[in-house]
There are 2 protein chains.
Amino acid sequence: MSDKRQQLIETALELFYQEGVQSIGINEVLKVSGVAKKTLYHHFTSKEALVLATLETRNQRFSQWLTVQIAPAKNNQELVEHLFQSLKGWFEDRVEVLGEFRGCFFINTAAEFRDSESEISRYCRQHKSDIKQVIRQQMATYADQPDETLLERICLLKEGVITQAYVAQDMSGPEQAIELLKGR
Amino acid sequence: MSDKRQQLIETALELFYQEGVQSIGINEVLKVSGVAKKTLYHHFTSKEALVLATLETRNQRFSQWLTVQIAPAKNNQELVEHLFQSLKGWFEDRVEVLGEFRGCFFINTAAEFRDSESEISRYCRQHKSDIKQVIRQQMATYADQPDETLLERICLLKEGVITQAYVAQDMSGPEQAIELLKGR
DNA sequence: TTATGGGTAGACAGGTCGGTCTACTTGGTC
DNA sequence: GACCAAGTAGACCGACCTGTCTACCCATAA
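The structure presented is a predicted model; accordingly, all values stated were derived computationally and were not measured.

Scoring rules and cut-offs
Residues numbered from 1 in each chain as written. Chains lettered and ligands numbered in written order. Predicted model: local features only at pLDDT ≥ 70, side-chain atom pairs only at ≥ 80, totals over all residues. Heavy atoms only, no water. Least-squares fit on C-alpha atoms with pLDDT ≥ 70 in both. Contact = heavy atoms within 4.5 Å. Core = buried A, V, L, I, M, F, W, Y, C linked by side-chain atoms within 4.5 Å. Buried < 20%, exposed > 50% of the residue type's maximum accessible area, 1.4 Å probe, protein only. Buried area = accessible area lost by both parts, 1.4 Å probe. Salt bridge = Lys/Arg side-chain N within 4 Å of Asp/Glu carboxyl O. Polar contact = N/O pair within 3.5 Å; in protein donor to acceptor, adjacent residues only side chain to side chain. Helix = DSSP H or I, 4+ residues; strand = E, 2+ residues; numbered from the N terminus. Nonpolar A, V, L, I, M, F, W, Y, C, P; charged D, E, K, R; others polar. Near = heavy atom within 4 Å.

### Topic: the relation of the copies chain A and chain B
Of the transformation superimposing chain A on chain B, the axial component is 0.0 Å and the angular component is 180 degrees, with the fit at an RMSD of 0.0 Å. Read as a symmetry element, the transformation amounts to a two-fold axis. Within chain A, the C-alpha atom positioned nearest to the axis of rotation is that of Gly160 of chain A, 1.8 Å from it. When you check the interface residues of chain A against chain B, 100% turn up at the interface there too, and the contact is symmetric in its surfaces.

Rendered as structure tokens:
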């Protein structure tokens, strides 16, 4: 992948995540990245293609980060602890690779593109199942049969804590989720 | 309130909720409502003022609907049951007053307006505490001291089930939330 | 040297955006 | 009838949007 292509994606991802895909036009991406318009259209057929590339980059980055965060977990209790404490670190801007917390890029982007059959919405949906798979795979490192019920609950609470942190500016979700899952 | 003002809010709310605030320009609101532009600016100083009016209308509508749905609850277990089954009905388009399900208008709008200090974001935040109060008040009808921990958990799971229903198109959240809260 | 690929600045096009304004109509009240 | 409030159609404005295109440059490989 070329330097310019990467530079465009990085710049666009940062701007889109902070401000919103529809709030940032391609001229702003070009101005901030210092790349020429023709170069942008050399690498991407449209703004949508650029948006999808930012989603893919974010997906890989988030998946990798989470994979590392939960890797030490040797049982379900540790998994829950690692996962939600990691999310808390994200909300509190302690994860540089994920940028200043502005909620979940995928939730936000799905909100901006309401047509659930659009490629962008479908990609956001895919991200959610990708993350579920990341968690399931970690469960599989210490259990023959991952606890599917627990997995469902973790994913449900994950959406809850993220949304609450962003919309309500309430960062207490992770501790609550940990306590709640201890009850089972 | 005048007929035209009400007509503008209703039309804008429907369009904004289905498509997104930034995806619908005022010219589209005018075309669909059949109201003249000068009339719109007679009633609202700006598009933002119209957006805030739609948020208020939605807030009242959702609060009222939820109040009615959970009114029969005589204990925490019933409250949880009524609340989450009501949400499920919403997701499955069984609540006409809330329109075709497109997630939470407040979550979506907060995603479209990323500046958390904007009036719009602050209103979305306010909505979340208003709904929390609706639930707390219902708890107070059958308990001297509402269970604040349960209330927190309900709100957390409420965000989770809504987000998951919208982004992941997974409507199984409410049953999971009910089971999870039974464990406490 | 030539060809190719990647890149530059930025003008241009057609369209939409939010908001302002002209000129006029209608209905109700005094 | 005069006045006021609410309303109409829609032109206009400046700004911004996405995408196309001209004319040109630079580096590398053959």
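Now, onward.
### Considerations on the nonpolar core
Most often, soluble globular proteins have nonpolar side chains that are buried together. In terms of nonpolar packing, the biggest core is built from 122 residues, with Phe84 and Trp90 of chain A together with Phe84 and Trp90 of chain B touching the most fellow members. Trp90 of chain B has contacts with Tyr17, Arg58, Phe62, Trp65, Val95, Leu98, Phe101, Gly103, Cys104 and Ile162 of chain B, leaving out every residue within four places of it along the chain.

### A few points about the interface of chain A and chain B
The interface of chain A with chain B comprises 44 residues on the first partner and 44 residues on the second. Its largest share of buried area at the contact with chain B, chain A owes to Arg114, Leu156 and Leu180 of chain A, together 24% of the area lost on that side. As a salt-bridge pair, Glu112 of chain B and Arg114 of chain A come within 3.1 Å of each other at their nearest N and O atoms. At the boundary of chain A with chain B, the tally comes to 15 residue pairs in polar contact (both at pLDDT 80 or more). Secondary structure elements with two or more residues in the side of chain A that touches chain B: α1 (3-19), α6 (105-112), α7 (119-140), α8 (148-167) and α9 (173-182) of chain A. With 12 residues, the top contributor of residues to the side of chain A that touches chain B is α8 of chain A. Here the side of chain A that touches chain B is built from residues that sort into 17 nonpolar, 15 polar and 12 charged.

### A short note on helix α9 (residues 173-182) of chain B
Count 3.6 residues to each turn of an α-helix, and residues three or four apart come out pointing the same way. Burial runs high along α9 of chain B: seven of the 10 residues are buried. Within α9 of chain B, burial applies to Gly173, Pro174, Gln176, Ala177, Ile178, Leu180 and Leu181 of chain B. Lining the buried residues of α9 of chain B we find α8 and α9 of chain A together with α5 (76-91) and α8 (148-167) of chain B.

### Some points on the protein's contact with DNA strand D
The environment of DNA strand D is made up of 18 residues, and the closest members are Ile26, Asn27 and Lys37 of chain A together with Thr39 and His43 of chain B. The separation between a phosphate oxygen of DNA strand D and a polar main-chain atom of Ala36 of chain B is 3.1 Å. Contacts to DNA strand D include His43 of chain B, whose side-chain N or O atom sits 2.5 Å from a phosphate oxygen. Of all the elements in the fold, those that place two or more residues in the surface near DNA strand D are α2 (26-33) and α3 (37-43) of chain A together with α3 (37-43) of chain B. At five residues, α3 of chain B tops the list of elements feeding residues into the surface near DNA strand D. Residues belonging to the surface near DNA strand D are distributed by class as follows: four nonpolar, eight polar and six charged.

### A short note on the environment of Arg125 of chain B
For Arg125 of chain B, the position within the fold is in helix α7 (residues 119-140). In the structure, Arg125 of chain B is positioned 55 residues away from Leu180 of chain B in sequence and 26 Å away in space, judged by C-alpha atoms. Setting aside residues no more than four positions away along its own chain, Arg125 of chain B makes contact with Val167, Ala168 and Gln169 of chain A together with Ser116 and Glu117 of chain B.

### Quick look at the protein's contact with DNA strand C
Around DNA strand C sit 18 residues in total, of which Thr39 and His43 of chain A together with Ile26, Lys37 and Lys47 of chain B are the nearest. Within the side chain of Lys4 of chain A, an N or O atom sits 2.9 Å from a phosphate oxygen of DNA strand C. Elements that contribute at least two residues to the surface near DNA strand C include exactly α3 of chain A together with α2 (26-33) and α3 of chain B. Of the residues contributing to the surface near DNA strand C, the split by class is four nonpolar, eight polar and six charged.

### A closer look at the pattern of salt bridges
Considering all chains together, one arrives at 22 salt bridges over all chains under this definition. Between Glu28 of chain B and Lys31 of chain B there is a salt bridge, with its nearest N and O atoms 3.6 Å apart. Taken together, the residues Glu28 of chain B and Lys31 of chain B, both in helix α2 and three residues apart, mark about one turn of the helix. Take Glu28 of chain B: its relative accessible area is 30%, and that puts it in the partly exposed class. Its salt-bridge partner being Lys88 of chain B, residue Glu175 of chain B comes within 3.4 Å of it at the nearest N-O pair. Placement of Glu175 of chain B in helix α9 and of Lys88 of chain B in helix α5 is noted, with a sequence separation of 87 residues between them. Given the relative accessible area of 33%, Glu175 of chain B is considered partly exposed. Taking relative accessible area as the criterion, Lys88 of chain B reaches 14% and is therefore assigned buried. Here the residues in one salt-bridge network are Lys88, Glu92, Arg94 and Glu175 of chain A, joined through shared partners.

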